[in-house]
Amino acid sequence: MKVAILITARLKSTRLPMKVIKMIHGRPMIKHMIDRLKLAKIPQEIIMCTSTVAQDDPLEAIAKEEGINCFRGHPDDVLLRLTDAAKKNKVDVIISCTADNPFVDPEYIDRLIEFHIKNANDFTKIEGLPFGVFSYAINTSAMEKACRIKDEIDTEVWHGYFMETSYFKWGKLVVEDPEAFWPDLRLTVDTPEDFKLISRIFDELYDGKNVFPLKDITSLCRQKPELPKINSVIKQKIPIPIKVKN
C-alpha cells in the first residue's frame, strides 16, 4: 500500500495575494510546511498538486528545489486534480494538506494514517487540533467515486462528499492530548492577520534550521495570550453545500 502526502497549492488568493510563497525568515512559507511534512514517517512520497495555470509555475519550481514531486492539473476542480495526481503516482491512500497551513503536524499525520487503515475507512478527519494543523486521509478509490458522483467543477472545498453523503465510510481521530487539543486556535493563513500571527510564532520559536513541534506552538500561545488575539476576529468561510448527481 502506497501512502503519499498531497499538497493542494495555488497562487490565486485575493485576501492575501501570493500567500503561500510569502517569505518567513528568508524562506517561502510553503517551504517551511514541506520541512514539517518531511518529518512524517509513514508516507512514502510528498506531491505538490497545483494547476496548469502559468501563474502557478513558481510552485513547480519550489517542488523541484525541495526534492518532491509535482503534479499539475485542473485549476478549479481540486477533487479531480488530487484524484488524477494519486492515480498517476499509483497512490492508494492520500494525506490531503493545503499550502496555507504551514503548521500541519507530522506526528498526527502518522497517527491519522494508522487510524484510517485500522478502521478501514474511505475518509478520515482529525478532530481537536488547532484549525490549520490537521490533515485528512482518503482512499484513492473513494476519490475516484466522489469524482463520479459530484455535479460541479469548482471543488475547492470537497470534504462534504465524504461526510454528507451515504456513499462512504468515514471516521474521525479525536485528539486527547491536552497539549495538542485547541480547536479554537486559528493557525491557517488566509488574511494579513493570520500571516502576522504565523510570523510572530516563527520569531519566537524558529532557530533558523529546526522544525519546532506543535506542543511548543500551543505552549507559546498559552503563555502569551496576546498572540492568538492577533487573528481572533477572522471568521472561516462557510463551505458552499456540495452538489451530487441525481
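Residues numbered from 1 in each chain as written. Predicted model: local features only at pLDDT ≥ 70, side-chain atom pairs only at ≥ 80, totals over all residues. Heavy atoms only, no water.

Trainee: Lay out the packing of helix H3 (residues 78-88) against helix H5 (residues 140-149) in plain terms, naming residues and giving numbers.
Mentor: One can describe the packing of H3 onto H5 by two numbers: an axis separation of 9 Å at closest approach and a directional angle of 140°. By the criterion of interaxial angle, the relationship of H3 to H5 is oblique. Considering the relative orientation of H3 and H5, their crossing is left-handed. Only Thr140, Met143, Glu144, Ala146 and Cys147 of H5 make contact with H3, whose side of the interface consists of Leu79, Leu80, Leu82, Thr83, Ala86 and Lys87. A breakdown of the residues in the contact of H3 with H5 according to their chemical character gives 7 nonpolar, 2 polar and 2 charged. (Axes fitted to C-alpha atoms, helices over the stretch in contact; angles between N-to-C directions. Helix = DSSP H or I, 4+ residues; strand = E, 2+ residues; numbered from the N terminus. Parallel < 35°, antiparallel > 145°, perpendicular 65-115°, else oblique. Left-handed = near helix turned anticlockwise from the far one by under 90°. Contact = heavy atoms within 4.5 Å. Nonpolar A, V, L, I, M, F, W, Y, C, P; charged D, E, K, R; others polar.)

Trainee: Quick one: what's the story with the packing of aromatic side chains, residue by residue and with numbers?
Mentor: If you walk through the whole model with that rule in mind, you get 12 aromatic pairs. Here Phe131 and Phe134 contribute two aromatic rings whose centre-to-centre distance is 5.4 Å and whose plane-to-plane angle is 85°, an arrangement assigned as edge-to-face. A relative accessible area of 29% means that Phe131 is categorised as partly exposed. Every member of this aromatic cluster is reached through a ring pair, and the members are Phe123, Phe131, Phe134, Tyr136, Trp158, Phe162, Tyr167 and Phe168. We note Lys22 situated over the ring of Phe195; from NZ or CZ to the ring centre the distance is 5.0 Å. One cation-aromatic arrangement involves Arg111 over Tyr108; the distance from NZ or CZ to the ring centre is 4.5 Å. (Phe/Tyr/Trp six-rings, centres within 6.5 Å; stacked < 30°, edge-to-face > 60°. Buried < 20%, exposed > 50% of the residue type's maximum accessible area, 1.4 Å probe, protein only. Lys NZ or Arg CZ within 6 Å of the ring centre and 35° of its normal.)

Trainee: Summarise the environment of Lys237; cite the residues concerned and give the values.
Mentor: With respect to the helices and strands, Lys237 occurs in the segment after helix H8 (214-223). Judged by relative accessible area, Lys237 falls into the exposed class, the value being 59%. As a C-alpha pair, Lys237 and Glu176 span 61 residues in sequence and 27 Å in three-dimensional space.

Trainee: Break down the environment of Glu176 for me, citing the residues and quoting the values.
Mentor: Relative to the elements of secondary structure, Glu176 occurs in the loop between strand S9 (170-174) and helix H7 (192-205). Owing to a relative accessible area of 72%, Glu176 belongs among the exposed residues under this scheme. C-alpha of Glu176 to C-alpha of Pro192: the two residues are 16 residues apart in sequence and 31 Å apart in space.

Trainee: Describe the sheet that holds strand S8 (residues 136-139), and please don't skip the residues or the numbers.
Mentor: In spatial order, the strands read S5-S4-S1-S6-S8-S7-S9; together these 7 strands make up an open sheet with mixed pairing. Among the strands making up the open sheet, the edge pair consists of strand S5 (69-73) and S9. The average undirected angle you get between the axes of adjacent strands in this sheet is 25°. Judged from the 5 bridges that link them, strand S4 (residues 45-51) and S5 form a sheet pairing that is parallel. Bridge assignment links Thr50 to a residue of S5, and that residue is Arg72. Here helix H4 (residues 106-118) sits on the sheet and contacts strand S1 (3-8), strand S6 (93-98), strand S7 (123-127), S8 and S9; the angle it forms with S7, its principal contact strand, is near 135°. Contacts from H5 reach S6 and S8 within the one sheet, and its direction differs from that of S8 by about 80°. (Pairing = 2+ DSSP bridges.)

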